[in-house]
Amino acid sequence: MHPEGFEMPQRAIWLQNATVVTMNPDREVIDGDLLIRDGRIAAIGDIDQQMAGDAKRLELSGHVITPGFVQCHIHLCQTLMRNHADDMVLIDWLRGRIWPYEAALTPETLAVSARVGLAELILGGTTALLDMGTVHHTDAIGEAARQSGIRAHIGKCMMDLGDEVPEPLREDTDESVRESLRLYETWDGAAEGRIRYAFAPRFAVSCTEELLRRVGEASADLQCPIHTHSSETEFENEFTREHYGLSNIDFLKQVGITGERSVLAHGVHVDDDDCRVLADTHTTICHCPSSNLKLASGIANIPRYDKFGVPVALGADGAPCNNNLDAFTEMRLAALLQKPFHGPQSMPASRVLELATIDGAKALGIDDEVGSLEVGKSADLVVTNLDDDPGCGPGGEVAARLVYSAQRHNVRHVFASGRQLVDDGELVGVDLRRLMAQAREAHDDTVRRMQQFIAG
Ligand SMILES: [Zn+2]
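Position numbers for residues start from 1 in each chain and track the written sequence from start to end. Local features in a predicted model are, by the rule used here, given only for residues with pLDDT of at least 70; side-chain atom pairs are given and counted only at 80 or more, and totals for whole chains, interfaces and linings are based on all residues.

## A closer look at the pairing of strand E6 (residues 69-75)
(1) Moving on: Working definition of burial: number of other C-beta atoms within 10 Å of the residue's own, with buried at 20 or more, exposed at 12 or fewer, and partly exposed in between, all C-beta atoms being placed from the backbone. Helix numbers and strand numbers start at the N terminus; a helix is a DSSP run of H or I with at least 4 residues, a strand a run of E with at least 2. Where burial is concerned, most of E6 is hidden: 7 out of the 7 residues are buried.
(2) Moving on: Being paired, for any two strands, means DSSP has found at least two bridges between them. Pairing geometry for E6 and strand E7 (residues 126-131), over 4 bridges, is parallel. Pairing of Gln71 across the sheet is with Leu129, part of E7.
(3) Moving on: The pairing of E6 with strand E16 (residues 317-318) spans 2 bridges and is parallel. Of the residues in E16, the one forming a bridge with Ile74 is Asp317.

Quick look at the structure:
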């Protein structure tokens, strides 16, 4: 995968005759061209030969250009466990499958897991993500992300509490903080700024109060994001009420985990008071509709978050609880799920497109660079072919076509930082057959090794 390629200068590219869904502040949709130069969007609309110079041309009539999708809750470390942890509730799923699996990972198998996940994400048009790793070997995820060309916030999973956690995943508080700070120093700003760090305490049930407080302090000192799970099941509220006398959200606020740099995955089991806390602290909820359905966690009330002014983003979560990492699936579900409860207009396609692009970028604090197609921003974008697909045509409103009809196979080209990562539906510079052969080997090895960590 691109051993050196991403630091090489690239030729300008002239994307011609497309429908450009800008997601700019006016949400303009422009029929015309888009010029990429020096990794940035140099022009949108009418572009002539004089402006384009010797740019490589790509004829795109019948195609739609959108910002690259931003997914704010992913576990690249879990990809090898896809289709191995089905039809279970969260806590059994964690104890019986996910923790033993994560305990069995090596730097080599973790790297393969991350590369498979990244290949799937990039082929589906995701160009930025927020990842929660496992407890160890996080450098392998950083390296895979660096080589892939994607934009990623990575973070080592922190967990210093819990008797049922397999021995290799248990860590003490000091060691967890020390390793997180080392990874921050190593990875924050790496790969020309494409890789950033985010502290990733797993959830209140797996972390001591001291660990969470120290994460809150380090985040404030370093201006570094925090990524955790919250209120996915009622069990988390029961746990924090029993131990701290507070709801899960109130507890996270008390220990300094909420805030404008924080992304809390799920937010299914919250009340109006929790929503007020999230809104007052500008904390983002990452909505993961497939995962919430598959683990029977419930349905997050996104219209209520919108009403309270809580920032919301979108994410697929990990492969074992989804079982895809596909932005199109999450967009369609996010739109459909709310309608039986709150009416057909409660989550329109145009709102869902915001969650998957500009609002995800805002959640990660990178909306000055990506999340919308505007002159001067980084060229992180996706080209989908809708007109030639009988499942997406023949016409109609473009947001509806993207959210309700389009699927991953409609993605033809993907650019990140102006570099082409997908060309005519194929990953650039990746031998996918070879990668999947390595993945099968890593999978077999990990399934064998994890047996020793499955309790009783
Ligand atoms: Zn998760």
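Anyway, onward from the coordinates.
## Structural notes on the domain arrangement of the protein
(1) Moving on: Domains assigned within the protein are domain 1 (5-67 + 373-424) and domain 2 (69-363).
(2) Moving on: Note that contacts rest on C-beta atoms placed from the backbone: two residues are in contact if these are within 7 Å. Across the contact, 21 residues belong to domain 1 and 24 residues belong to domain 2.
(3) Moving on: Elements with a minimum of two residues in the side of domain 1 that touches domain 2: strand E5 (63-67), helix H15 (398-405), strand E18 (411-416) and strand E19 (419-423).
(4) Moving on: Here the side of domain 1 that touches domain 2 gets 5 residues from one element, more than from any other, and that element is H15. What counts as a domain boundary in this text is fixed by an automatic or database domain assignment.

## Overview of the sheet that holds strand E14 (residues 284-287)
(1) Moving on: Pairing is parallel across the open sheet formed by 4 strands, whose spatial order is E12-E13-E14-E15. Two strands close off the open sheet at either side, each with one partner strand: strand E12 (226-230) and strand E15 (312-314). In this sheet, neighbouring strand axes are inclined to one another by 30 degrees on average, regardless of whether the strands run parallel or antiparallel.
(2) Moving on: Where strand E13 (residues 262-266) meets E14, 3 bridges bridge the pair, whose relative direction is parallel. Residue pairing across strands places Leu264 opposite Ile285, the latter belonging to E14. Think of each axis as a best-fit line through the C-alpha atoms, taken over the contacting stretch in the case of a helix, with angles from 0 to 180 degrees between the N-to-C directions.

## A closer look at the sheet that holds E7
(1) Moving on: The strand order across the open sheet built from 5 strands is E10-E8-E7-E6-E16, with neighbouring strands paired in parallel fashion. Each end of this open sheet is capped by a strand with a single partner; those strands are strand E10 (195-197) and E16.

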